[in-house]
Amino acid sequence: MNSVSNDSNDLARFIVAGAAGEYVFQEGDEGAEMYIIQAGEIEIVKELAGDPRQLALLEVGDFFGEMSLLEGMHRDASARAVTDYKLLKIDYGTLAQLLQENTEIAIQMLRKLSRRLREQQEAEIRATRFAEEVLGERSASLPPPVDPPGRARRRAGLVLLPSGEHFSLSETEETSIGRFDRSTGIALDIDFTELDTERTLSRRHATIVRDGDGFYLREDTSTSNGTYLRGNRIKTGERNELNDGDEVRFGVVRTIFRC
């Protein structure tokens, strides 16, 4: 794993790059850094019953290694490159500086950590329901099993006007919408960078939230070009109910919401 330097970019001194098959770190290593993927794919691998098992496959915008950074723990799994890669390597001091300069990084990290926790809880519920079906018993101490969310979300999305291109909502409860932040490498669920040639969107412009059976639109960052629902500009931070067929405009990008 090699460092890459570039005096024209303040972040370049924190960039590390390498080739497919390399380990960024291995299970049991000491570590005090986390990484944000700027290019390539990284798999998280853990030894289970003597065999390496892939726990996750991470892509551009994902981060890993945060437990060692925040809690001083040894690495509880290995990180191995699936492809050639480029990572933003962050120690505690760098993280503190980034959070002070760009609060969007903190928000993205909290959302991703929340998603991981939710996905783990959903996996535990599914495993519990499977055990109950096999064993024919139910534990009164556990919540009743629920259908994993995502089925309705896969049917929901934004249809671009006038092309008709469909952008599906995230499999999780929240879908972030905006313009890719090249300085951090943190990606969005729906990225309108290529469509927004006039740069009318903020890096994290808006969010669509699924709550129960309903969908809601929230503008995350105040912008001069705004977010419009059914022709009316919404206020930053307010939650607005979305209905099938509603026209939603993010800056100059016009869409129809479908669910």
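Residues numbered from 1 in each chain as written. Predicted model: local features only at pLDDT ≥ 70, side-chain atom pairs only at ≥ 80, totals over all residues. Heavy atoms only, no water.

Let's shift gears to the overall build of the chain. Secondary structure assignment for the chain yields 4 helices and 20 strands. Counting the 259 residues in the chain, one finds 42% classified as buried. A total of about 14,300 Å² of accessible surface is found on the chain, and carbon and sulfur atoms cover 47% of it. (Helix = DSSP H or I, 4+ residues; strand = E, 2+ residues; numbered from the N terminus. Buried < 20%, exposed > 50% of the residue type's maximum accessible area, 1.4 Å probe, protein only. Areas by Shrake-Rupley, 256 points an atom, 1.4 Å probe, with all protein chains shown as cover.)

Here the focus is the nonpolar core. Of all hydrophobic cores here, the largest spans 20 residues; its most connected members are Leu 158, Phe 192, Ile 208, Leu 217, Leu 242, Phe 250 and Phe 257. The contacts of Leu 158, once residues within four sequence positions are left out, are Glu 165, His 166, Phe 167, Ile 177, Ile 190, Phe 192, Ile 208, Phe 250, Thr 255, Ile 256 and Phe 257. (Core = buried A, V, L, I, M, F, W, Y, C linked by side-chain atoms within 4.5 Å. Contact = heavy atoms within 4.5 Å.)

On to helix H2 (residues 92-101), then. Residues three or four positions apart in an α-helix share a direction because the helix packs 3.6 residues into each turn. Residues of H2 that are buried: Thr 94, Leu 95 and Leu 98. Take H2 and look down its axis: the buried residues cluster within an arc of 100 degrees, on one side only. Seen from the open side of H2, the exposed residues pointing more than 90 degrees away from its buried face are Tyr 92 and Gln 100. (Arc of directions from axis to C-beta.)

The 5 strands are arranged S13-S12-S14-S15-S18 in an open sheet whose pairing can be described as mixed. At either end of the open sheet lies a strand with only one pairing partner, and these are strand S13 (190-191) and strand S18 (239-242). Pairing analysis gives 2 bridges linking strand S12 (residues 174-178) to S13, with the strands arranged parallel. Note on S13: the bridge partner recorded for Gly 178 is Asp 191. (Pairing = 2+ DSSP bridges.)

This brings us to the side chain of Glu 43. With respect to the helices and strands, Glu 43 occurs in strand S5 (residues 42-48). Within the local environment of Glu 43, its side chain forms a polar contact with the side chain of Gln 54, the two groups lying 2.8 Å apart. Side chain to side chain, Glu 43 and Arg 80 meet in a polar contact 2.8 Å long. Once you skip the residues sitting within four places of it in the chain, Glu 43 turns out to touch Gln 54, Ala 56, Leu 57, Ser 78, Ala 79, Arg 80 and Val 82. (Polar contact = N/O pair within 3.5 Å; in protein donor to acceptor, adjacent residues only side chain to side chain.)

Another aspect to go through is the pairing of strand S9 (residues 85-91). Direction of pairing for strand S2 (residues 15-18) relative to S9: antiparallel, over a ladder of 4 bridges. Within the sheet, the bridge partner assigned to Gly 18 lies in S9 and is Tyr 85. Judged from the 6 bridges that link them, strand S4 (residues 33-39) and S9 form a sheet pairing that is antiparallel. In the sheet register, Ile 37 faces S9, and the bridge partner there is Leu 87.

Moving on: the packing of aromatic side chains. Taken as a whole, this structure holds 6 aromatic pairs when the rule is applied. Between Tyr 35 and Phe 64, the aromatic rings sit 5.4 Å apart at their centres with planes inclined by 20 degrees, giving stacked as the arrangement. On the criterion of sequence distance, the pair formed by Tyr 35 in strand S4 and Phe 64 in strand S7 (residues 63-64) is long-range, its members being 29 residues apart. Judged by centre distance (5.1 Å) and plane angle (80 degrees), the rings of Phe 167 and Phe 192 are edge-to-face. Taken together, the positions of Phe 167 in strand S11 (residues 166-168) and Phe 192 in the loop between S13 and strand S14 (206-211) put the pair 25 residues apart, joining distant regions of the chain. An identical accessibility class is assigned to Phe 167 and Phe 192; each is buried. A network of ring pairs unites the aromatic residues Phe 25, Tyr 35 and Phe 64 as a single cluster. Arg 75 extends its terminal NZ or CZ atom over the ring of Phe 25, reaching a point 4.0 Å from the ring centre. The ring of Tyr 228 has Arg 249 sitting right over it, with the charged end atom 4.0 Å from the ring centre. (Phe/Tyr/Trp six-rings, centres within 6.5 Å; stacked < 30°, edge-to-face > 60°. Lys NZ or Arg CZ within 6 Å of the ring centre and 35° of its normal.)

Along the chain, the position of Glu 171 falls in the loop between S11 and S12. Taking C-alpha positions, Glu 171 is 9.6 Å from Asp 189, a pair spaced 18 residues apart along the chain.

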